[in-house]
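Given next are the chains, with one letter for each unit.
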Amino acid sequence: MGRVSDRNTLSEKREASAAGSYSGALSERHSGESPIKRTLINLIPPATVVAVVLFWMLAPASVTDSPWSIVVAGLAISFFVLGLEQLLERHEGWRLTRKEFATDIFYLALQYTAIGWATETLADKPLATFKESIGISTEWAMQMPFLLQVAW
């Protein structure tokens with residue numbers, strides 16, 4: 001019975017912290033930050049997205065063509081984001097435990113292995129075969145600039 005009340009308390013904390021605005025409801029740990037520091041912290045997510053896109057855009061083909069590169073990149077980005085959350089936490093109720101972190105890494109690895117294989121085998125290949133059999137081609141999309149392909 002005590003575990004249920006602990007869960008309720010945790011969910012109440014999350015709801016209370018989610019009720020405020022994302023940038024306005026900083027934890028007590030960051031309540032005394034200057035507006036400049038807060039702005040720089042808020043620029044980390046878009047800067048990270050730009051860095052990832054630039055990496056895939058500018059990295060040599062020997063790196064981007066490797067099937068392991070997406071696994072390594074995904075894990076590195078996950079560790080980076082989760083590490084930032086430890087350093088610059090927004091809401092105390094969102095704090096990630098070791099068990100939650102391990103679960104996230106497990107599902108990430110599962111996505112890159114079993115789920116990825118199943119998607120390729122049961123969805124992507126049959127769809128590509130069907131498109132080819134009825135004469136649908138999307139070669140024009142490969143001629144688009146890289147950033148448009150990413151957005152597409």
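Now for a quick tour of the structure. (Residues numbered from 1 in each chain as written. Predicted model: local features only at pLDDT ≥ 70, side-chain atom pairs only at ≥ 80, totals over all residues. Heavy atoms only, no water.)

What follows deals with the packing of aromatic side chains. Inspection of the entire model under this criterion finds 3 aromatic pairs. Plain terms: the ring middles of phenylalanine 55 and tryptophan 56 are 5.0 Å apart, the flat faces sit at 80 degrees to each other, and that makes the pair edge-to-face. (Phe/Tyr/Trp six-rings, centres within 6.5 Å; stacked < 30°, edge-to-face > 60°.)

Moving on: the packing of helix 5 (residues 67-87) against helix 6 (residues 98-134). Packing of helix 5 against helix 6 leaves a shortest axis separation of 10 Å and a crossing angle of 160 degrees. One way to sum up the angle between helix 5 and helix 6 is to call them roughly antiparallel. Remark: the crossing between helix 5 and helix 6 carries right-handed chirality. Contacts between helix 5 and helix 6 involve Ile70, Val71, Gly74, Leu75, Ser78, Phe79 and Leu82 from the former and Phe101, Ile105, Leu108 and Tyr112 from the latter. Looking at the contact of helix 5 with helix 6, its residues break down into 9 nonpolar, 2 polar and no charged. (Axes fitted to C-alpha atoms, helices over the stretch in contact; angles between N-to-C directions. Helix = DSSP H or I, 4+ residues; strand = E, 2+ residues; numbered from the N terminus. Parallel < 35°, antiparallel > 145°, perpendicular 65-115°, else oblique. Left-handed = near helix turned anticlockwise from the far one by under 90°. Contact = heavy atoms within 4.5 Å. Nonpolar A, V, L, I, M, F, W, Y, C, P; charged D, E, K, R; others polar.)

Remember, this is a structural readout, not a statement about activity or role.
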